[in-house]
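Inside the fold
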Amino acid sequence: MALVRRRNLRTDQRGAAILEFSVVAGTMIVMLFGIVEFANLFSQWNSAVKAVQVGARVAATSAPVWKEAAELTGAELEDSEATGGGSLPGHAITYNYNIVCTKAAGCTGTDTIKDNVGRTYVDDAMDVIVFGRDPNNKACDDPPGEYFGMCDIYNRITTDNVRVTYEHTGVGYSTRPGGLVPTITVEIIGLNFQFIFLDDIMGIFNEQDLNQVPIPGLLTTMIAEDMRPGAPTF
């Protein structure tokens, strides 16, 4: 009798379908969660990249966050250089600056400009880059095409997440009527990915907090065009 029972146990197929389904379903669920998570992360990265492109465009056509950038006219060069009307690349050693502006630190950096210009940070100028050009609006989701700012593209961006750099790269010339032309770089800083499932799963095993993973590669560089408060919308 015992022998018969052992043979039946070896050949019994009952429950096999449930076991196979459990294995396959578990794998499929993990794959589905992975696809959703990847799509979510890619969407965040794509929105942030587009936002930083918009921010650079706004910065190139708006009043500068570094106030003194709007006051550089070429007269800061030595007299012998300024009157020559020569191109700036020839004066890169005597006329140079690299100023970085953030809300937390203000504007800092170095320059070799005659009489050493100031480092004045302008809150309103940063607000324009982030929220758009409407002076009465410090929120996101403006009507498309009106007062676009970075957070209208990606609403997690605040003024704390933006770094603007004004750098002399030799563009322009000393007698340009509108002043010298800085190269402007707009970056997103301190902005991390937001996970849907994976961070909770990792938390079960006391692993790294994935919501501390920064969104990488977020900067755009442009040549300044018309850095004044009344620059047109786009």
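Residues numbered from 1 in each chain as written. Predicted model: local features only at pLDDT ≥ 70, side-chain atom pairs only at ≥ 80, totals over all residues. Heavy atoms only, no water.

Another aspect to go through is the sheet that holds strand β5 (residues 219-223). Strand pairs in the sheet, formed through backbone hydrogen bonds, run parallel or antiparallel to each other. On the basis of which strands lie adjacent, the open sheet formed by five strands has the order β2-β1-β3-β4-β5 and antiparallel pairing. In this open sheet, the two edge strands, each paired with only one partner strand, are β2 (106-111) and β5. Adjacent strand axes in the sheet meet at a mean angle of 15°, parallel and antiparallel pairs treated alike. Taken together, the six bridges between strand β3 (residues 162-167) and strand β4 (residues 183-188) define a ladder with antiparallel strand orientation. Looking across to β4, one finds that Thr-165 is bridged to Thr-185. Strands in contact with helix α4 (residues 123-131) are β1 (97-102) and β3; relative to β3, the strand with the most contacts, it is inclined by about 115°. (Pairing = 2+ DSSP bridges. Helix = DSSP H or I, 4+ residues; strand = E, 2+ residues; numbered from the N terminus. Axes fitted to C-alpha atoms, helices over the stretch in contact; angles between N-to-C directions. Contact = heavy atoms within 4.5 Å.)

Attention shifts here to the pairing of β4. Within β4, six of the six residues are buried, which leaves the element mostly enclosed by the surrounding structure. The alternating pattern of β4 places Thr-183, Thr-185 and Glu-187 and Ile-184, Val-186 and Ile-188 on opposite faces, both of which are buried. (Buried < 20%, exposed > 50% of the residue type's maximum accessible area, 1.4 Å probe, protein only.)

Take the packing of aromatic side chains next. Under the defined criterion, the tally for this structure stands at five aromatic pairs. Pairing Phe-38 with Phe-42 gives two aromatic rings, centres 6.4 Å apart and planes at 20°, and the pair type is stacked. Of the two residues, Phe-38 and Phe-42 both sit in helix α2 (residues 16-60), four residues apart, roughly one turn of that helix. Looking at Phe-38, the relative accessible area reads 59%, which means it is exposed. Ring centres of Trp-66 and Tyr-97 lie 5.4 Å apart, and the angle between their planes is 55°; this geometry places the pair in the tilted category. A residue pair is termed long-range when its members are at least 10 positions apart, and Trp-66 in the loop between α2 and α3 (79-82) and Tyr-97 in strand β1 qualify at 31 residues. Of the two residues, Trp-66 and Tyr-97, neither departs from the other in class, the shared state being buried. Feature note: the residues Phe-38, Phe-42 and Trp-45 constitute an aromatic cluster, connected by ring pairs. (Phe/Tyr/Trp six-rings, centres within 6.5 Å; stacked < 30°, edge-to-face > 60°.)

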